[in-house]
Amino acid sequence: MKKVLALILVLTFVLSCSIQALALNAGISQEEAIQKIKDIFDTTTYDRFNVSYNENHDNKKIWELSWSKTQAPYGSLYASIDAKTGNILSISLYKGYDPNRKTSPIPKYSEEEARKIAESFAKKLQPEEFAKTKLLSRDMPVYPIDRDAYSDSYSFNFTRMENDIPVEGNGIKITVDAHTGEIENYSFTWSWEPLPSSKNIISIQDAEQIFKDETGLKLIYRRYYDYPTQKDDIKLVYTLERPGSVLIDAVTGKMLDNEYFDLYTRAAAETAQKADADFTPVENKQVEITKNCISKEAAINIVKKYISIPDGFKQRSAYLYEGYDNPEHKIWNIEWQKSSADGEDGFISARVNAITSELLSFDIYDYSKHSKEFKQNYDRSAALKKAEEFLKKHQPERFANVMLEEIKERIESPEKVQKHSFNYIRLVNGIPYTANGFNITVDAETGKITNYHMNWHEKNFPSADGVLEKADAEARFLSDIGLELVYASLYNSKEETYDYKLVYKVKPAKSYTFDAFDFQPLDYNGKPIKEETKTDFTDIKGHWAEKDIQLLVDLGIIKSEESLFRPDVAITEGEFIKLLMVAKGHRISDDRPIVPIIRAESHVKSDDDISKYIEEAIKLGWVKDNEVSAKSSLSREKAAAFVIRAMGYEKVASIPEIYKDTVKDSASVKLEYKGHTAIAMGLKILSATNGNFYPKNSVSRAQAATILVRMLKASS
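Here the structure is a predicted model, which means the values were calculated and not measured.

Even after reading the chapter, I still don't get empty space enclosed by the protein, so can you show me in this structure?
Any empty space left between the atoms is revealed when a probe the size of a water molecule rolls over them. By volume, the largest cavity amounts to about 90 Å³. Residues that form the lining of the largest cavity fall into these classes: six nonpolar, three polar and three charged.

Quick look at the structure:
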């Protein structure tokens, strides 16, 4: 035991000495680094502390400080400091998990207030650098209440600007707690290397022409498959492939090939029988499909027509399953394996369509090759001939309807490439269909096909009549999204360094795929991306409910393309239920913006939209069957009932006899709403006037906004 203690003491002394020795080579000591953080945060509440020192590949010397609590709620504080300059590089504050903590859906601090806090903090830490930054703007509501996007904090990205040009990856990022105003996260990234001159660069018009000549948009068929419904939709789209790799040298006008951008921007596109008495229709359908499948032995024979199974390989498994994106078909997946004591292992897998008897894929892995000296006998050109010989032999008709997709990649030592891969895309009406084609790999030493994958199906392809001309589509793209001039840090593989260059690149966008007919941007499901509704009412300035109305707009609860809110007009029951549902996080994804007043020409659309919310509210128990008349004005007693149910108090509100008559006109309150009105007044969501509740009076749109804001505050 004494030896162990002695060893611990020695190690502690050595580590302590090591850190102190490192401190001698650093610009600031560990004590100075710690004090920098203590000047900002109170660290006395933490009972555990650790300090470490790190030198990374960029030759940066960093002090890493970590405080934590060993008792609930186990909060922590982390900071990193540049040991040369003393700059605080990052801060992360975690308050810990408190199961009893409740936060209001309404933030205590507005976005503007939080921004001022962030700016003040940044100015304090990096005054000179912050003066060179610009806050990136955002179009969507800053503090959306939608359940999927809800957050308890604001994030600000102050981007470094030089010569009024953004410097990518440089700047200050800050996150502010929306309820406490505290700094949650901070990061400071700055390059001190000289930046290239912005003089004598090509114009944006020249860059756009280079974009159209060298890259541009592609017209393709794209398949969108909905797995839950097992339905697909094939659309004609214009798309920009690998948008992040579009880098145009602003000085030379040449397209740049950058490995870093390629890594994270490469994207890939992707009859019932009568039922027997004992089976359901879906069961009978599967039984009939399976009856038509070929046997495992037949599937193995099909595989052997394409490849030979070498000696030593034993069949390990065979699995018949439903095609993931084609449930009408079954697939045989068969595997062989070879194992040996001398490491001569191998693995073969193959897939065969059990309905059409077509080979879909095979993969051959021979691990014994890794121990042998490699010699390239087939360059890319020779390997391509091998691939095409294989396809012409086994898929002659389909091969006549594909195009080779050559990915532009920089290969440092082509003579060392051990395998060549080729991707062929199907052409339909002369237009690429990216969901179909062949992928094939050729061994560069033996010339054998080691991997083969085919995806091919017959679908209804829309006609290309009426699609936008490529020039028109690209003009729309450059107008709607366009290019921007930035300083970008690009990787130099030869020097293994990052160098800044002035480049034109594609601006960030929600999508780079567009409907080929109307150029609507499409999401990953092929659905049009709607522009975010910008709400700006001109008739609420100076109104008594202005703050509440604007708060609901800021929270994303009220959205409207119209300029008038009409605060003093009575709100309908249907409109209020929709607002209530959205306020409580139940927005229906495909709904339309709230229309302040239902106009005659929009009755059908608005009725359809609101009826969905009423149906959902009934399912949730917030509204009873036949209780709502969508177009009728909302009464105060109904407003109380809907809100109190949404807050989860229906059970206790439904016992009217336990509530006292606290207003003069209690007898006018419908008996079934007596508890709801009493609770609503108790929570100060609604109030009495001159001792009366006026249960039958209509609720104005301004009053509805105030009721919802009070509900949200009371909910916390």
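Would you explain the packing of helix H5 (residues 204–214) against helix H11 (residues 470–480) in this entry?
Angle between the axes and distance between the axes are the two parameters that describe a pair of packed helices. Packing of H5 against H11 leaves a shortest axis separation of 11 Å and a crossing angle of 135 degrees. Classified by the angle their axes make, H5 and H11 are oblique. H11 is crossed by H5, and the crossing has right-handed handedness. Note on element contacts: H11 touches H5 through Lys 470, Glu 474, Phe 477 and Leu 478, opposite Glu 208, Phe 211 and Lys 212. Each residue belonging to the contact of H5 with H11 can be placed in one class, and the counts come to three nonpolar, no polar and four charged.

Help me understand the side chain of His 457, please; the structure alone is not making it clear to me.
Among the secondary structure elements, His 457 is positioned in the loop between strand S19 (449–455) and H11. Taking relative accessible area as the criterion, His 457 reaches 9% and is therefore assigned buried. A distance of 2.8 Å separates the side chain of His 457 from the side chain of Tyr 433, its partner in a polar contact. Ignoring anything within four residues of it in the chain, the contact list for His 457 reads Arg 223, Arg 426, Tyr 433 and Asn 436.

Quick question: what am I supposed to make of the nonpolar core here?
The nonpolar side chains of a soluble globular protein tend to be buried with one another. Counting residues in hydrophobic clusters, the biggest one holds 56 residues, and the most contacted among them are Phe 576, Leu 580 and Met 711. Those elements that place two or more of their residues in this core are helix H12 (546–554), helix H13 (573–583), helix H14 (603–620), helix H15 (636–646), helix H17 (674–682) and helix H18 (701–715). Considering every element that reaches this core, the biggest residue donor is H18, with eight residues. Excluding anything up to four places from it in sequence, Met 711 contacts Leu 580, Ala 583, Lys 584, Val 643, Met 647 and Ile 685.

Which parts of the structure should I look at to understand the packing of aromatic side chains?
Any two aromatic rings considered together are summarised by their centre-to-centre distance and by the angle between their planes. Inspection of every chain in the model, using the stated rule, returns 25 aromatic pairs. Seen from their ring centres, Tyr 319 and Tyr 321 are 5.2 Å apart, and the 20 degrees between their planes marks the pair as stacked. What makes Tyr 319 exposed here is its relative accessible area of 52%. Connected via pairs of aromatic rings, a cluster forms that spans Tyr 306, Phe 362, Phe 390, Phe 438, Tyr 452 and Trp 456. The aromatic ring of Phe 693 is capped on one face by Arg 636, whose charged end is 4.5 Å from the ring centroid.

Would you mind showing me how to read the pattern of salt bridges here?
Throughout the structure, instances matching the rule amount to 26 salt bridges. The partner of Lys 218 in a salt bridge is Glu 241, and the shortest N-O contact between them spans 3.2 Å. Placement of the pair is Lys 218 in strand S9 (residues 218–226) and Glu 241 in the loop between strand S10 (231–239) and strand S11 (247–249), with a sequence separation of 23 residues. With its nearest N and O atoms 3.1 Å apart, the salt bridge here joins Lys 638 to Glu 573. Separated by 65 residues along the polypeptide, Lys 638 in helix H15 and Glu 573 in helix H13 bring together distant segments of the chain. When sorted by exposure, Lys 638 lands in the same class as Glu 573, which is buried. Linked through salt bridges whose partners overlap, the residues forming this network are Lys 624, Glu 627, Arg 645 and Glu 650.

Help me understand the pairing of strand S18 (residues 431–443) in this model?
A regular strand places its side chains on the two faces of the sheet in alternate fashion. When you tally the buried positions in S18, you get eleven out of 13 residues, the bulk of the element. Across ten bridges, strand S17 (residues 419–428) lies against S18 in antiparallel orientation. Its bridge partner being in S18, Asn 423 is matched across the sheet by Asn 439. In the sheet, S18 pairs with S19 via six bridges, with the strands oriented antiparallel. Along S19, the bridge assignment pairs Ile 440 with Tyr 452.

The rules behind these values
Residues numbered from 1 in each chain as written. Predicted model: local features only at pLDDT ≥ 70, side-chain atom pairs only at ≥ 80, totals over all residues. Heavy atoms only, no water. 1 Å grid on protein atoms, 1.4 Å probe; cavity = no way out; pocket = protein on both sides within 12 Å on 5 of 7 lines; lining within 4 Å. Points joined across faces, edges and corners; volume = space filled by probe spheres on them. Nonpolar A, V, L, I, M, F, W, Y, C, P; charged D, E, K, R; others polar. Axes fitted to C-alpha atoms, helices over the stretch in contact; angles between N-to-C directions. Helix = DSSP H or I, 4+ residues; strand = E, 2+ residues; numbered from the N terminus. Parallel < 35°, antiparallel > 145°, perpendicular 65-115°, else oblique. Left-handed = near helix turned anticlockwise from the far one by under 90°. Contact = heavy atoms within 4.5 Å. Buried < 20%, exposed > 50% of the residue type's maximum accessible area, 1.4 Å probe, protein only. Polar contact = N/O pair within 3.5 Å; in protein donor to acceptor, adjacent residues only side chain to side chain. Core = buried A, V, L, I, M, F, W, Y, C linked by side-chain atoms within 4.5 Å. Phe/Tyr/Trp six-rings, centres within 6.5 Å; stacked < 30°, edge-to-face > 60°. Lys NZ or Arg CZ within 6 Å of the ring centre and 35° of its normal. Salt bridge = Lys/Arg side-chain N within 4 Å of Asp/Glu carboxyl O. Pairing = 2+ DSSP bridges.

All quantities given are derived from atomic positions and should not be read as evidence of function.
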